[in-house]
Amino acid sequence: MAMANVSRFARWIALTGAALCSAAGAQELAIQTLDRVAVNSTNAVLEMDFADPRRSADFTHTGITGAALQSCILTAIDGLYCLDGPVVRHWADPALPGAADDAVDCRDAALGFDVRAPGPCTALAVKAGGDLLLAGKSKGKSYSVVAVSPRAADGTCPSGFVPLTRTNRCADVAVTGRPLVVDLVPVEGDDAEAFPFGAGILALEERKTAVFFPDSAAPVVLATNQGNWKLQGNEQLHAIALSRLANASGTSGVYLLATTSLGRILAVASGGGLARQVFDVNAARAPSSVRCSAAAPAYGMRASSRSGRIYVTDRAFCQVLALEPVAAGGVLSGLENAEEPVFDASGQQTGLRALTLSTAGSAGTFPPEGPTVAPGIAIDLLDCAGSCTLVVGANGEPAATLSKVMLASQESGLTLFQIRHIPDCRYDPQTCRNVLGVQNLVQAGVVVDPQATGDPAAQLLNVTPLLPREVTDLFADSGGLPDMLISRQYRGSKASGFEFDAFFGVTESGVVFRDTFEGEFDVAALTGSELGCALNLPPGSPLFTENAGQPNERIGTLDWDVATTVSERFRTFTDPSLGAAPQFVDTLINSGCGSSRVLSGRWSLKPYNLEITPCTFNGDPQDVWASDGSCPVGGPELPDDAVFAKLVLSLYDDLHAALNQLACSDADGGGAAPLSAASCSTLDATWLNGKDKLDKCWAATQLPKTSAGDQNCQAFLTQFTSFGNTLAGAPVVGPDPANRKGELQARAATLLHVYQQRFVPSIPAGGFVEP
């Protein structure tokens, strides 16, 4: 598989000045939590397994080797780049170590580096969108930083760039006339929003000075030896990083970190001041550690922009440390070893240990030169044809799995992000106003209210503005993400403060799914709590019962961890109330119990700890919602005892719209509809027969319930079973890049689950009160 470049980040973000200022960024909430960590020695690249406390080995040799690997950069969706002697090599898929190309030759005359130098390039960095940053010795005694971008499809270069002669890229000198540059770190996304100087390049010069290069502004010296670091004797700086520290108010403090040749980690606040020692690698090393290399000690470092962890390599002892910030009063007071559980032979947890991995093992001994961290984790979907683990919980047991994945493509790459604490702005609007810095959420497009009701149960939630920059920046140059909407029927659970979590899966260009695949999300392991799945009602019990002590109040249970899916690439059928533009609206994917057992036809955004909205909008302008997000208190129909009945009706209508608008038409520009006209005609007729039976089933189960209810509901089930059998046998005759047949199958399976496990058990003995 070859991970395609989804987007190319803008070369720089212009700033209006270089004066030190206070970053008054918006409060942060939603965070992306998954990281990949790799390290390079001088001749190999290793993938470190920090995520699994039950791992069988600390690292996996990727098979990538080099003659003189100076630095390696792992990206979210564009593979791995390594500076190997005078050449920057690129592996679009690090799992295929032989499939490398020469991205840049540092001896290319267009770069302007001194080719007589032993290594024309002295440092490498890669921006989120794939642009490269190279530092090197200019022709003279000074050093430069050069930006390298790919050429356009027509072979031209971006404005201001010149074509390279050795590879198909373009270059532009960003900074020149500098001292020796030994480390580069891009500052972008959420880091840039929190950093006082915005976006740009953080550089370590002469192993003692930290400098920031904003665009269209003079360089800013952040920390010097004399003014800040106060290094001891011959002590030098080896690597630098930025770390954001969130405090209780939701704002972030930004710190400049540096490792030194004595194994110390120093921190300087973004506002300046004297450095403080926040960690000592040598003092914290376990007594049992054994030196693995006669080379001089060296300490590389990179920070995860979202998990908050700091990864440090200890070359002489072949160790990679995972450190976490310690805060006191919103101020960084130190770093400490992250910890993981220890298990005995029976699987029982016996304690905790420092999360420090070794790069010496059965596969060899590899003194690490430096770490690289990328957001998201890489999944090869071919591994999920049987069953594969996406994420493990704190106990090392699978927390999210996939199985039965079928592909109709050679490409099989998936980069998976986990996003936590997404606020549901319909039910917690003030949090969203604080996060986004806007007052009117409807005008801002975060809440979609097509009927202008002001009623949360009639509104949709636009998730896109709530996603972290690590995800949205990947789509910046391709036009950005569309508005991805959560339907009226689902909301962040009240028990979790109207928050929900989600997986976001970015497939490589060319991936095409076939049929359906299964997944299971252990919501408790992923979030720390769960609503559950079973109705927890004895047979024949109504979903809601009247509370005699409180007029117009019903008691019951809607506990159910809901999972949905919405694509960022393939539109959904058109809801006229939302306008004529392409729409991207989620659909339910729960297909069984376990925790949240799901069935789907492709990867995209998958929220997984939503709940069913307990109230349905009835158009009553007198509805008054409680301040805690509870249903309106004045209506005798609320909470809605027919919520699952209405969900079945809605899902069945959605199935018909998806059939006609997506699977039986050329919705995805392939040149023909995926399903044949004959299959579509049969399916449409079967759906219409089922619709007649479902409407009669619904009417017969309303108060007062009639004896025809059971007969009509059984007749619907018979018709719907016929629909499913016909769909399963319908051949795909046209291009189906969006797997529209699989989407229909997943919709049908979900509807059947809701009908049998939710709707039927919820029918009250006397019938539904809610019309």
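Residues numbered from 1 in each chain as written. Predicted model: local features only at pLDDT ≥ 70, side-chain atom pairs only at ≥ 80, totals over all residues. Heavy atoms only, no water.

Chemist: Any chance you could explain helix α9 (residues 708-729) here in plain terms?
Modeler: Every α-helical turn comprises 3.6 residues, leaving residues that sit three or four positions apart pointing alike. A rise of 1.5 Å per residue sets the reference length of α9, with its 22 residues, at 32 Å; its end C-alpha atoms lie 32 Å apart and thus fit the reference within 8%. Every buried residue of α9 is accounted for by G709, N712, C713, F716, L717, F720, F723 and L727. The arc that holds every buried residue of α9, seen down its axis, measures 145°, which confines them to one face. Along α9, the residues that are exposed and aim more than 90 degrees away from the buried face are D710, Q711, N725 and G729. The secondary structure elements touched by the buried residues of α9 are α7 (643-663), α8 (677-700) and α10 (740-762). (Helix = DSSP H or I, 4+ residues; strand = E, 2+ residues; numbered from the N terminus. Expected span 1.5 Å × (residues − 1). Buried < 20%, exposed > 50% of the residue type's maximum accessible area, 1.4 Å probe, protein only. Arc of directions from axis to C-beta. Contact = heavy atoms within 4.5 Å.)

Chemist: Just checking my understanding: could you explain the pairing of strand β34 (residues 398-403) for this structure?
Modeler: Within a regular beta strand, the side chains point alternately toward one face of the sheet and then the other, so they alternate between its two faces. Judged from the five bridges that link them, strand β33 (residues 387-392) and β34 form a sheet pairing that is antiparallel. Paired with S387 across the strands is S403, a residue of β34. What sits between the antiparallel neighbours β33 and β34 is a turn of five residues, in which G396 has the positive phi angle 85°. With four bridges connecting them, β34 and strand β43 (residues 517-521) associate as antiparallel partners. Among the inter-strand pairings, S403 is bridged to a residue of β43, identified as E518. (Pairing = 2+ DSSP bridges.)

Chemist: Which parts of the structure should I look at to understand the nonpolar core?
Modeler: Looking at soluble globular proteins, one finds that nonpolar side chains tend to be buried together. Membership of the largest hydrophobic core comes to 74 residues, with the highest contact counts inside it found for I422, L467, Y490, F504, L647, L675 and F759. At the level of elements, β36 (413-423), β39 (484-486), β41 (499-507), β52 (610-612), α7, α8, α9 and α10 are the ones that each hand at least two residues to this core. At 14 residues, the largest contribution of residues to this core is made by α7. Aside from chain neighbours lying at most four places away, what touches I422 is A30, V463, L466, L467, F498, E499, F500 and A502. (Core = buried A, V, L, I, M, F, W, Y, C linked by side-chain atoms within 4.5 Å.)

Chemist: Looking at this model, I keep getting lost on the confidence of the model for the protein chain. Mind explaining?
Modeler: Any region with low pLDDT has predicted coordinates that should not be read closely. For the protein chain, mean pLDDT is 88; residues scoring 70 or higher make up 90% of the total. Note that residues 1-27 has pLDDT below 50 and, in this model, 95 contacts with residues that lie over four places away or in other chains. Scored below 50 in pLDDT, residues 247-251 shows six contacts in the model against residues more than four places distant or in partner chains. (pLDDT = per-residue confidence, 0-100.)

Chemist: Got a minute to help me understand the packing of aromatic side chains in this structure?
Modeler: Centre-to-centre distance and the angle between the planes together describe a pair of aromatic rings. If you walk through the whole model with that rule in mind, you get 21 aromatic pairs. Considering the side-chain rings of F197 and F212, the 6.1 Å spacing of their centres and the 35° angle between planes classify their relative orientation as tilted. With F197 in the loop between α1 (189-194) and β15 (200-205) and F212 in strand β16 (residues 209-214), this pair connects stretches of sequence that are 15 residues apart. Aromatic side chains F503 and Y608 sit 5.0 Å apart centroid to centroid with 35° between the ring planes, which places their arrangement in the tilted category. In this pair, F503 is assigned in strand β41 and Y608 in the loop between β51 (605-607) and β52, connecting sequence segments 105 residues apart. Given a relative accessible area of 0%, F503 falls into the buried group. Ring-pair connections join several aromatic residues into one group, and the members of that group are Y652, W687, W698, F716, F720, F723, Y755, F759 and F768. Above the face of the F343 ring, R54 is positioned so that its terminal group lies 3.8 Å from the ring centre. Positioned above the aromatic ring of W603 is the side chain of K606, whose terminal nitrogen or guanidinium carbon lies 5.0 Å from the ring centre. (Phe/Tyr/Trp six-rings, centres within 6.5 Å; stacked < 30°, edge-to-face > 60°. Lys NZ or Arg CZ within 6 Å of the ring centre and 35° of its normal.)

Chemist: Got a minute to help me understand the state of the cysteines in this structure?
Modeler: Here a disulfide denotes a covalent bond joining the sulfur atom of one cysteine to the sulfur atom of another. Counted according to the given criterion, the structure contains nine disulfides. The side chain of C157 participates in a disulfide bridge whose partner is C170; the two sulfur atoms lie 2.0 Å from each other. Handedness here is read from the sign of the S-S torsion; for C157 and C170, about -80°, the answer is left-handed. Pair noted here: C157 is in the loop between β11 (143-150) and β12 (162-163) and C170 is in strand β13 (residues 169-178), with a separation of 13 residues, a long-range link. When its relative accessible area of 23% is taken as the criterion, C157 is described as partly exposed. Relative accessible area serves as the criterion here: at 0%, C170 is assigned to the buried category. The disulfide partner of C533 is C593, and the gap between their sulfur atoms is 1.9 Å. (Disulfide = S-S within 2.5 Å.)

Chemist: Could you clarify how one ought to interpret unusual backbone geometry in this entry?
Modeler: The phi torsion of most residues other than glycine is negative, and most of the peptide bonds are trans. Between L703 and the following residue, P704, the backbone shows a cis peptide bond with an omega angle of -5°. Mapped onto the secondary structure, P704 falls in the loop between α8 and α9. Phi at F498 takes a positive value of approximately 60°, unusual for a residue other than glycine. Accessibility expressed as a relative area gives 6% for F498, which makes it buried. For D515, which is not glycine, the phi torsion reads 55° and is therefore positive.

Chemist: For this particular structure, what's the right way to read the pairing of β41?
Modeler: Within β41, eight of the nine residues are buried, leaving the element largely enclosed by the surrounding structure. Here eight bridges tie β36 to β41, and the two strands are oriented antiparallel to one another. The residue bridging I419 from the neighbouring strand is A502, located in β41. Both β41 and β51 contribute to a ladder of three bridges, which runs antiparallel. Note on β51: the bridge partner recorded for A502 is P607.

Chemist: Just checking my understanding: could you explain the packing of α8 against α9 for this structure?
Modeler: For any two helices packed against each other, the geometry is given by the interaxial angle and the distance between the axes. At their nearest, the axes of α8 and α9 sit 8 Å apart, and the two run at 160° to each other. It follows that α8 is roughly antiparallel to α9 by the angle criterion. The hand of the α8/α9 crossing is left-handed. In this structure, α8 contributes T682, L683, T686, W687, N689, G690, K693, L694, K696, C697 and A700 to the contact, and α9 contributes A708, G709, N712, C713, A715, F716, Q719, S722, F723, T726 and L727. Of the residues assigned to the contact of α8 with α9, the class counts are eleven nonpolar, nine polar and two charged. (Axes fitted to C-alpha atoms, helices over the stretch in contact; angles between N-to-C directions. Parallel < 35°, antiparallel > 145°, perpendicular 65-115°, else oblique. Left-handed = near helix turned anticlockwise from the far one by under 90°. Nonpolar A, V, L, I, M, F, W, Y, C, P; charged D, E, K, R; others polar.)

Chemist: Sorry if this is basic, but what is going on with the sheet that holds strand β4 (residues 59-65) here?
Modeler: What links the strands of a sheet is backbone hydrogen bonding, and the strands pair in either a parallel or an antiparallel sense. One open sheet accounts for four strands, arranged β4-β3-β2-β31; its pairing is antiparallel. Each edge of the open sheet carries a strand with a single partner, namely β4 and β31 (370-375). Adjacent strand axes in the sheet meet at a mean angle of 25°, parallel and antiparallel pairs treated alike. The pairing of strand β2 (residues 35-40) with strand β3 (residues 44-48) spans four bridges and is classified as antiparallel. Looking at the pairing, A38 lines up with E47 of β3.

Chemist: Could you clarify how one ought to interpret the sheet that holds β13 in this entry?
Modeler: In spatial order, the strands read β9-β10-β11-β13-β12; together these five strands make up an open sheet with antiparallel pairing. Every other strand in the sheet has two partners, leaving β9 (121-126) and β12 as the edge strands with one partner each. The sheet contact formed by strand β10 (residues 132-137) and β11 spans six bridges and is antiparallel. Directly across from L134, in β11, lies its bridge partner V146.

Chemist: Honestly, the side chain of R426 in this entry has me stumped. Any pointers?
Modeler: Within the secondary structure layout, R426 lies in the loop between β36 and α4 (429-436). Polar contacts involving the side chain of R426 include one to the main-chain carbonyl oxygen of Q459, which spans 3.0 Å. A polar atom in the side chain of R426 sits 3.0 Å from the backbone oxygen of S487. When residues no more than four places from it in sequence are discounted, the contact partners of R426 are V447, P456, Q459, L460, L461, I486, S487, R488, Y490 and R491. (Polar contact = N/O pair within 3.5 Å; in protein donor to acceptor, adjacent residues only side chain to side chain.)

Chemist: I would appreciate a short explanation of the pattern of salt bridges in the present structure.
Modeler: Pairing between side chains of opposite charge can happen when their charged atoms approach one another. On inspection of all chains with the given rule, the structure shows 32 salt bridges. R309 serves as the salt-bridge partner of E324, at 3.4 Å between the closest nitrogen and oxygen. A residue pair is termed long-range when its members are at least 10 positions apart, and E324 in strand β24 (residues 319-328) and R309 in the loop between β22 (299-303) and β23 (310-314) qualify at 15 residues. Salt-bridge contacts for E340 lead to R353; the nearest nitrogen and oxygen are separated by 3.0 Å. Of this pair, E340 sits in strand β26 (residues 339-343) while R353 sits in strand β27 (residues 349-354), placing them 13 residues apart in sequence. What makes R353 partly exposed here is its relative accessible area of 36%. (Salt bridge = Lys/Arg side-chain N within 4 Å of Asp/Glu carboxyl O.)

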